[in-house]
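Breakdown of the fold
Listed here are the chains, written in short residue letters.
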Amino acid sequence: MSSSLEKNMLILRSSDGEEFIVPEVVAVMSKAIKNMVEDECASNTIPVPNVDANILAMVIEFCKKHDESEAEAASDLKTFDSEFVNRGQEALYDLITAANFRDVKELLDALCQNVAEMIKGKSVHHIRIQFLGYQLFEILTSNFIWNIWCDRDFD
Amino acid sequence: MLLEDCVSTILSNTSPLDACRSLSVSSSFRSAANSDIVWERLLPFDYEDIVSRSVTPLKFSSKKEIFVCLCDPILTDGGNKLEKETIDLTLQRDVAQSQVQDLLRLVGDEDSMVGLNNYPHLRVQKSPDSGNATSKASPSSYPHFLDVGVRAFDRSLSSRQNGALHHNCFDG
C-alpha cells in the first residue's frame, strides 16, 4: 500500500496538522508543490504552512474538480467556479492568499475575477468597508485609537 | 489583509476607472493600483507594437504612464497613416462636391427661374412676425446672395453646355 501511495498519492499537511491524501496530478496543480515534487525535495508528506485545514480542503476540492473535468464542457466548469467562489468575505480572502502563496493559477483567476466584480463601479467608501471592514472593526473597539484613526491613512 | 500582489491581480480584472478610483482607498491600495500587473492587463494587447511605431518617442517609466500616453492621439508609422487618411478624406470630399454640382446643374436645367423668383418672396411672407429687423434685412441680403448663385450657374453652364440653354438663363 505504501508503495502505491508513494507513486500516485501525496499527503498534504495543513498548518493546523490535519493531513489530506491527494492524487499527485491534483496536488501539482499548485506550482509551488509541483516544484517541490520535481526537485524531489518532498517526501510523502508535504507541509502546507499558512493554510489551515478548512481552506486547504476547499482548494483541494477545486483542484480535483478541475482535474476531473478537463475534458468536460467548459460551461460546466464555469458554473462550478461561480458557485465555488460564492463565499463569505473572510473565506474568500483566505482562499486568495492560499492560492497566491501556493501558486494555483486557475483558482486565483476565478477568485480575483469574483472580487473584481464586487468592486467594479463601487465608490471608494464602499471598497474601504469591503476590504478594510474587518480591520476597522478591531480598531473601532478602542476609543483611544479612534481619534488617531480619523487622521491616519486607511491601511 | 490581502497581499499587494493579490490586490493588483484583483484590480487588473476591473476597469481603468475602477483602478484609478481605488488609488484613494488606502496607501497599500495606491501602490497596488499603480503596479505594472494592473496596467499590463488594462493596456491593449499590442501596446508594445503601438509604442514602438510612435513618431515622437513616448516618455514613460511604468505601464500606467504608457496608458496615460496612449490616451492622447499619437502619430504612428512615420505619419504616413495620417497622410493616407487625409488623401482618402480629400477624395471623398471631391466626390461629394461633384455630386452637389451635378445636382445644382440638374435644378438649373429644370426650373431655375421659378425658384429664383419665388424664394425671396416666400421668405418675406413667412417672417413678418419675427420683427422689423429681419424683414428689412432679408430683401436686401437675399437678392445679393441669389445674384452670386446665378452667376455661378451661368459660368458653369456656359463652359460646358450649348448656347441655347445659356441664353435662356441669361434672359430670365
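Residues numbered from 1 in each chain as written. Chains lettered and ligands numbered in written order. Predicted model: local features only at pLDDT ≥ 70, side-chain atom pairs only at ≥ 80, totals over all residues. Heavy atoms only, no water.

Chain B is annotated in an unreviewed UniProt entry as F-box protein PP2-B15 of Camellia lanceoleosa.

As recorded in an unreviewed UniProt entry, chain A goes by SKP1-like protein 4 and comes from Camellia lanceoleosa.

Helix and strand counts for chain A come out as nine helices and three strands. Taken from N to C terminus, the helices and strands of chain A fall in the order α-β-β-α-α-β-α-α-α-α-α-α. Looking at chain A as a whole, 37% of its 155 residues qualify as buried. Of all intrachain contacts in chain A linking residues separated by at least 6 positions in sequence, the fraction that spans at least 24 positions is 54%. With an accessible surface of roughly 9,100 Å², chain A has 52% of that area assigned to carbon and sulfur atoms. (Helix = DSSP H or I, 4+ residues; strand = E, 2+ residues; numbered from the N terminus. Buried < 20%, exposed > 50% of the residue type's maximum accessible area, 1.4 Å probe, protein only. Contact = heavy atoms within 4.5 Å. Areas by Shrake-Rupley, 256 points an atom, 1.4 Å probe, with all protein chains shown as cover.)

For the rest of this paragraph, the subject is the overall build of chain B. Looking only at helices and strands, one finds nine helices and zero strands in chain B. Each helix (α) and strand (β) of chain B, taken in turn from the N terminus, gives the series α-α-α-α-α-α-α-α-α. When burial is assessed residue by residue, chain B has 26% of its 172 residues classed as buried. Pairs at least 24 residues apart make up 44% of the contacts formed inside chain B by residues separated by at least 6 positions. As displayed, chain B offers around 11,700 Å² of accessible surface, 57% of which is attributable to carbon and sulfur atoms.

This paragraph deals with the interface of chain A and chain B. Listed per partner, the contact involves 22 residues of chain A and 17 residues of chain B. Approximately 1,800 Å² of surface area, both sides summed, lies buried where chain A meets chain B, with 67% of it carried by carbon and sulfur atoms. The three residues of chain A that bury the most area against chain B are A:C112, A:V124 and A:F131, which together make up 23% of that side's buried surface. The interface formed by chain A and chain B includes four residue pairs in polar contact (both at pLDDT 80 or more). (Buried area = accessible area lost by both parts, 1.4 Å probe. Polar contact = N/O pair within 3.5 Å; in protein donor to acceptor, adjacent residues only side chain to side chain.)

Together, A:D16, A:E18, A:D52, A:E90 and A:D94 line one region of the surface with negative charge. Take A:D16: it is sitting in the loop between β1 (9–13) and β2 (19–23). (Patch = residues over 30% accessible without salt bridge, like charges linked within 9 Å, V, L, I, M, F, W, Y side chains within 5 Å. Salt bridge = Lys/Arg side-chain N within 4 Å of Asp/Glu carboxyl O. Lys, Arg positive; Asp, Glu negative; His and termini not counted. Charge placed at Lys NZ, Arg CZ, Asp CG, Glu CD.)

So, about helix α4 (residues 53–68) of chain A. Residues and elements named next belong to chain A. With 16 residues, α4 ought to run about 22 Å at 1.5 Å a step, and its terminal C-alpha atoms sit 22 Å apart, in line with that. Taken residue by residue, α4 has A53, I55, L56, M58, V59, I60, F62, C63 and H66 as its buried positions. The elements touched by buried residues of α4 are β1, β2, α2 (24–27), α5 (74–84), α6 (89–102) and α7 (105–119). (Expected span 1.5 Å × (residues − 1).)

Bringing the packing of aromatic side chains into the picture now. Residues and elements named next belong to chain A. Summed over all chains, the structure comprises four aromatic pairs over all chains. For the ring pair F62 and F80, a centre distance of 6.1 Å and an interplane angle of 35 degrees mean the geometry is tilted. Here the residue F62 occupies a position in helix α4, and F80 occupies one in helix α5, the gap between them amounting to 18 residues. Three or more aromatic residues link up through ring pairs in this structure, and these residues are F62, F80 and F84. Between K65 and the ring centre of F80, over which it is positioned, the NZ or CZ distance is 5.6 Å. (Phe/Tyr/Trp six-rings, centres within 6.5 Å; stacked < 30°, edge-to-face > 60°. Lys NZ or Arg CZ within 6 Å of the ring centre and 35° of its normal.)

Here we take up the pairing of β2(A). Residue and element names in this part refer to chain A. Across the two faces of β2 the burial differs, with F20 and V22 buried and E19, I21 and P23 not buried at all. Of the strand pairs in this sheet, β1 and β2 are connected by five bridges, and their pairing is antiparallel. Within β2, the position partnered with L12 by the bridge is F20. The hairpin turn running from β1 into β2, its antiparallel successor, is five residues long, and G17 in that turn takes a positive phi close to 90 degrees. (Pairing = 2+ DSSP bridges.)

The subject of this paragraph is the packing of α7(A) against helix α1 (residues 4–12) of chain B. Interhelical geometry of α7(A) versus α1(B) gives an angle of 65 degrees and a closest axis separation of 8 Å. When the axes of α7(A) and α1(B) are compared, the pair comes out roughly perpendicular. α1(B) is crossed by α7(A), and the crossing has right-handed handedness. Here A:C112, A:V115, A:A116 and A:I119 of α7(A) lie close against α1(B), whose contacting residues are B:C6, B:T9, B:I10 and B:L11. In terms of residue class, the contact of α7(A) with α1(B) is made up of seven nonpolar, one polar and no charged. (Axes fitted to C-alpha atoms, helices over the stretch in contact; angles between N-to-C directions. Parallel < 35°, antiparallel > 145°, perpendicular 65-115°, else oblique. Left-handed = near helix turned anticlockwise from the far one by under 90°. Nonpolar A, V, L, I, M, F, W, Y, C, P; charged D, E, K, R; others polar.)

Residues and elements named next belong to chain A. With 15 residues, α7 should reach 21 Å at 1.5 Å per residue; the first-to-last C-alpha distance of 21 Å fits that figure. Within the span of α7, buried status applies to L107, L108, A110, L111, C112, N114, V115, A116 and I119. G121 lies just past α7 and shows a positive phi near 70 degrees.

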